[in-house]
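Coordinate analysis (summary)
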Amino acid sequence: MKYTDLIRAVAKADPALSQEKVKAAARGFFEALAAEMARGGKVQVPGFGGFEGRVRPARTARNPGTGATMDIPERLEPAFRASSVLKTRVRGGPAPE
């Protein structure tokens, strides 16, 4: 499913919502999510999972083509951890009530 398909599906689920309103809400959600993760914070969505910015430590790597070593600095990486409810639904289990 592409982003536009997702917007259409959400708008179709509630006749009071236009695709433009859903698109604006989704844009705001993803922007707020990215901003919080960039600060190293966490965003928990009950029944879905948690998003966070995780620190990946500095390390030394090797270029496989040349064999040269290089230092990779510490950096913040986006991470997602699915909730048990989401895992159950994806595996074909019952949806929670």
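Use the structure listed above.
Residues numbered from 1 in each chain as written. Predicted model: local features only at pLDDT ≥ 70, side-chain atom pairs only at ≥ 80, totals over all residues. Heavy atoms only, no water.

Glancing now at the pattern of salt bridges. Throughout the structure, instances matching the rule amount to five salt bridges. Between D5 and R8 there is a salt bridge, and its shortest N-O distance comes to 3.3 Å. Pair noted here: D5 and R8 are both in helix α1 (residues 3-13), with a separation of three residues, about one helical turn. A relative accessible area of 32% means that D5 is categorised as partly exposed. A salt bridge links E77 to R75, with the nearest nitrogen and oxygen atoms 2.5 Å apart. Of the residues examined, E77 reaches a relative accessible area of 27% and is grouped as partly exposed. For R75, a relative accessible area of 34% translates into the label partly exposed. (Salt bridge = Lys/Arg side-chain N within 4 Å of Asp/Glu carboxyl O. Helix = DSSP H or I, 4+ residues; strand = E, 2+ residues; numbered from the N terminus. Buried < 20%, exposed > 50% of the residue type's maximum accessible area, 1.4 Å probe, protein only.)

We now examine the side chain of E52. Mapped onto the elements of the fold, E52 is located in strand β2 (residues 49-56). Only 3.1 Å separates the side chain of E52 from the side chain of R54, close enough to count as a polar contact. Apart from residues no more than four positions distant in its own chain, E52 is found in contact with M37, G41, K42, E77, P78 and A79. (Polar contact = N/O pair within 3.5 Å; in protein donor to acceptor, adjacent residues only side chain to side chain. Contact = heavy atoms within 4.5 Å.)

For the rest of this paragraph, the subject is the packing of α1 against helix α2 (residues 19-38). Two elements in contact, α1 and α2, have axes whose closest approach is 9 Å; the angle formed by their N-to-C orientations is 120°. Our classification of the angle between α1 and α2 gives oblique. Handedness of the crossing formed by α1 with α2: right-handed. Across the interface between the two elements, Y3, I7, R8, V10 and A11 of α1 pack against Q19, V22, K23, A26, R27 and F30 of α2. Of the residues in the contact of α1 with α2, the class split is seven nonpolar, one polar and three charged. (Axes fitted to C-alpha atoms, helices over the stretch in contact; angles between N-to-C directions. Parallel < 35°, antiparallel > 145°, perpendicular 65-115°, else oblique. Left-handed = near helix turned anticlockwise from the far one by under 90°. Nonpolar A, V, L, I, M, F, W, Y, C, P; charged D, E, K, R; others polar.)

For the rest of this paragraph, the subject is the sheet that holds β2. The sheet built from three strands is open, its strands ordered β1-β2-β5 with antiparallel pairing. Of all strands in the sheet, those bounded by a partner on one side alone are β1 (42-45) and β5 (75-82). Between one strand axis and the next, the sheet turns by 25° as a mean value, whatever way the strands run. In this sheet, β5 lies alongside β2 in antiparallel orientation, the contact comprising eight bridges. Looking at the pairing, G50 lines up with R81 of β5. (Pairing = 2+ DSSP bridges.)

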